[in-house]
Amino acid sequence: MSGQQPLIQLTGVGKSYHEGDAEHIVLHGIDLDIRRGEFVALLGPSGSGKSTLLNVIGGIDAPTTGTVAIDDIDITALSERDRTLFRRSHIGFVFQFFNLLPTLTVEENILLPLELNGMKTGASARAHELLDAVGLGARADSYPDRLSGGEQQRIAIARALAHDPPLLLADEPTGNLDSETGAHVLKLLQDLTRATQKTVLIVTHSAEVIRVSDRVLRLRDGSIVEDTAP
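To start, this report covers the structure provided alongside it. It should be emphasised that the depicted structure is a prediction, and the values quoted were computed from it without experimental measurement.

**Some points on the overall build of the protein**
Okay, step 1: Each helix and strand counted, the protein has seven helices and 10 strands in total.
Okay, step 2: Against the 2.2 N^0.38 benchmark of 17 Å for 230 residues, the protein shows a C-alpha radius of gyration of 18 Å, consistent with a compact globule.
Okay, step 3: Overall, the protein is about 50 × 45 × 40 Å in size when its C-alpha atoms are taken along their principal axes.
Okay, step 4: Within the protein, buried positions represent 48% of all 230 residues.
Okay, step 5: Sequence-distant contacts, at least 24 apart, represent 71% of the contacts inside the protein between residues at least 6 apart.
Okay, step 6: For the protein, the exposed surface amounts to about 10,800 Å²; the carbon and sulfur share of it is 48%.
Okay, step 7: Seen as two clouds, the 21 positive and the 31 negative side-chain charges of the protein have centres 3 Å apart.

**Here we look at the sheet that holds strand β5 (residues 73-74)**
Either a parallel or an antiparallel arrangement is found when strands of a sheet pair, and the pairing is made through backbone hydrogen bonds.
Okay, step 1: Sheet architecture is open: four strands sit in the order β2-β1-β4-β5, paired in antiparallel fashion. Here the strands that pair on one side only, and so sit at the sheet edges, are β2 (22-35) and β5.
Okay, step 2: In this structure, strand β1 (residues 6-19) lies alongside strand β4 (residues 65-70), joined through five bridges in antiparallel fashion. When the bridges of β4 are listed, L10 appears paired with V68.
Okay, step 3: Contacts from helix α1 (residues 50-57) reach β1, β2 and β4, with the element oriented near 120 degrees to β1.

What counts, and where the lines are drawn
Residues numbered from 1 in each chain as written. Predicted model: local features only at pLDDT ≥ 70, side-chain atom pairs only at ≥ 80, totals over all residues. Heavy atoms only, no water. Helix = DSSP H or I, 4+ residues; strand = E, 2+ residues; numbered from the N terminus. Rg over C-alpha atoms; globule rule 2.2 N^0.38 Å. Buried < 20%, exposed > 50% of the residue type's maximum accessible area, 1.4 Å probe, protein only. Contact = heavy atoms within 4.5 Å. Areas by Shrake-Rupley, 256 points an atom, 1.4 Å probe, with all protein chains shown as cover. Lys, Arg positive; Asp, Glu negative; His and termini not counted. Charge placed at Lys NZ, Arg CZ, Asp CG, Glu CD. Pairing = 2+ DSSP bridges. Axes fitted to C-alpha atoms, helices over the stretch in contact; angles between N-to-C directions.

So, in C-alpha cells, the structure goes:
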C-alpha cells in the first residue's frame, strides 16, 4: 500500500476555542497523510481531541489554522455550502449511537443520502443491494426501534456507504454494542470497505479494532504521539 497516494492530507491543522478571554487549544498543528484504502484506528484518552480531529477531517468543523485536503481538494478553502455538498458525495459517517431517523423506515434511512445527492434512478435498487449486503434485506419496511442495536448499526453502515464515498469516518462504531455483536459489526465494516478500497478512519478504544487495523494513531493533548502498525 506504500505506493498509494494520500486520500487525506492535513498540514499544520490546529483548532482552538475561546472561552471568555481564555484560549482553549484542542489540536496542535497536526501534519498527517492517510493513504487510499487504509483502515486506520484513532486512539486517545477522553479530551485528547479525537472527535474534533474527526469533525475537522469530515468538514463538519473548520480548523483554526492549517489545511485539510480530501481527494486533492482543499476543503478548508470551500464555503460552508460547498463543504456540505462535498461531504454528501465524498464522506460517509458512522456514529456510536447509530443516528438513524426514527420516523423513517430502514429503507428510507438508506435512501436519504441518495436523495440529498439528487439520485433518483436506481436509488431503491441501491438501497436493497446494501440491505442484502448487511444481511437485513427482509427488514426494509421496519422502523429503527424494531431493530436490535447490532441491526441498527448495520443499517447505519449501509446508509454511510449508500453514495459510495471514498472515505468513511466512524466514531466508536462498536462502543454501544456487546463484544460479540461488535465483532460481527466490525467484520461487516471491514468486508464492505476493503472490497471497494475505501479509506476508513475509526475513533475507538476496542482492542479488536486495533488488531485488524493497518495503522494506529494515538492522540494526546491534541497532538499525534504515535503512528504505528498494530
